[in-house]
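Analysis of the macromolecular model
Read off the chains here:
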Amino acid sequence: MAKSKFEYVRLFETEDRCLPNSWIVVRVDGKGFHKFSTEHDYEKPNDMRALSLMNKAAASVMEEFKDICLAYGQSDEYSFVFRKETQVYSRRSAKLSTNVCSLFTSAFVYYWSEHFPSSKPLYPPVFDGRTVLYPSNQNIRDYLSWRQADCHINNLYNTTFWALILKAGLTPGEAEQKLKGTLSGDKNEILFSQFSINYNKEPEMLRKGTILVRRKVPVALPDGSGTREKSQVIQLHTDVIGDEFWNENNHLLTIS
Ligand code: GTP
Ligand code: MG
């Protein structure tokens, strides 16, 4: 069939294939979640319902995109790491970020009522998405370490900030003033001496965030004759900054 005279406009589309042989990370982040969390009565400083909804939405993304080998989430953000050699969508950056971001957002709304049974979202939540490439194993480890360190710093600050307000009756301004210039040791000390909170005993999900990986688990065969191995997305809340996680999950960094 003859092409229309309008066909040339396709030439305006630019090539956005990600460099071969590099880790592809798609990170999604809630837009204006400071306001969204307040308007939906998220518990302070952490709302387990909201965090488990984020984890559920992220697991949905991993179920759909089998080339995601690991995901890491905290607060209103999730990072998805694609296998270095993935050919999904011919590694086209916008295809990857928009599909991941769109599925994450729709899953967040789809599963909302399972986590917040008594309320509906007051307005449609929005997540932004970006694709970032990391060429070396050290780079991808450092990326994940950066996000986990961010989780630790923010959670220690928020835990202390909200204890000062909710338990000691300070105003937000007073709490901010009290924490100005403090180091993590100081915040640990405030939590322990004023509120008998041992920060290291706070739930790991809050201190370390959530890591999603695939594990082979045995499932029973329907005829009862035994089991077969099935790959499942599981949640971990462990440290990814040190070597232990990477030694135990060596396969993640080796090309399969
Ligand atoms: P943009 O991402 O730039 O649009 O801004 P944002 O308002 O989403 O802020 P940002 O992504 O930097 O930080 C996420 C915000 O979400 C936090 O500052 C909190 O206000 C809020 N938030 C995330 N998780 C929780 C939670 O479990 N409880 C509460 N109370 N707030 C949360
Ligand atoms: Mg945000």
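Residues numbered from 1 in each chain as written. Chains lettered and ligands numbered in written order. Predicted model: local features only at pLDDT ≥ 70, side-chain atom pairs only at ≥ 80, totals over all residues. Heavy atoms only, no water.

**Describing unusual backbone geometry**
With an omega dihedral of 0 degrees, the bond running from Lys 44 to Pro 45 counts as a cis peptide bond. Along the chain, Pro 45 turns up in the loop between helix H1 (33–39) and helix H2 (48–64). For Ser 75, which is not a glycine, the phi torsion comes out positive at approximately 50 degrees. The topology assignment puts Ser 75 in the loop between strand E2 (68–74) and strand E3 (77–82). Unlike most non-glycine residues, Tyr 89 shows phi in positive territory, near 50 degrees. By secondary structure assignment, the location of Tyr 89 is in the loop between E3 and helix H3 (93–110). Accessibility expressed as a relative area gives 31% for Tyr 89, which makes it partly exposed. (Helix = DSSP H or I, 4+ residues; strand = E, 2+ residues; numbered from the N terminus. Buried < 20%, exposed > 50% of the residue type's maximum accessible area, 1.4 Å probe, protein only.)

**Some points on the packing of aromatic side chains**
In this structure the tally under the stated criterion is 24 aromatic pairs. Geometrically, the ring pair formed by Tyr 42 and Phe 116 is stacked, given 5.8 Å between the ring centres and 15 degrees between the ring planes. Of the two residues, Tyr 42 is situated in the loop between H1 and H2 and Phe 116 in the loop between helix H4 (112–115) and strand E4 (127–134); the sequence distance between them amounts to 74 residues. In textbook terms, an aromatic cluster arises when at least three aromatic residues are bridged by ring pairs, as seen for Phe 33, Phe 36, Tyr 42, Tyr 78, Phe 80, Phe 104, Phe 108, Trp 112, Phe 116, Tyr 123 and Phe 127. The residue whose ring lies beneath Lys 56 is Tyr 111, and the NZ or CZ to ring-centre distance is 4.6 Å. (Phe/Tyr/Trp six-rings, centres within 6.5 Å; stacked < 30°, edge-to-face > 60°. Lys NZ or Arg CZ within 6 Å of the ring centre and 35° of its normal.)

**Observations regarding the nonpolar core**
The biggest cluster of nonpolar side chains holds 33 residues, and the ones touching the most others in it are Tyr 78, Phe 80, Phe 104 and Phe 108. Among the elements of the structure, strand E1 (23–30), H1, H2, E2, E3 and H3 are those that each provide at least two residues to this core. Looking at which element gives the most residues to this core, the answer is H2, with eight residues. Excluding residues that lie within four positions of it along the chain, Tyr 78 makes contacts with Val 26, Arg 27, Val 28, Met 54, Asn 55, Ala 58, Ala 71, Tyr 72, Gly 73, Phe 104, Thr 210 and Leu 212. (Core = buried A, V, L, I, M, F, W, Y, C linked by side-chain atoms within 4.5 Å. Contact = heavy atoms within 4.5 Å.)

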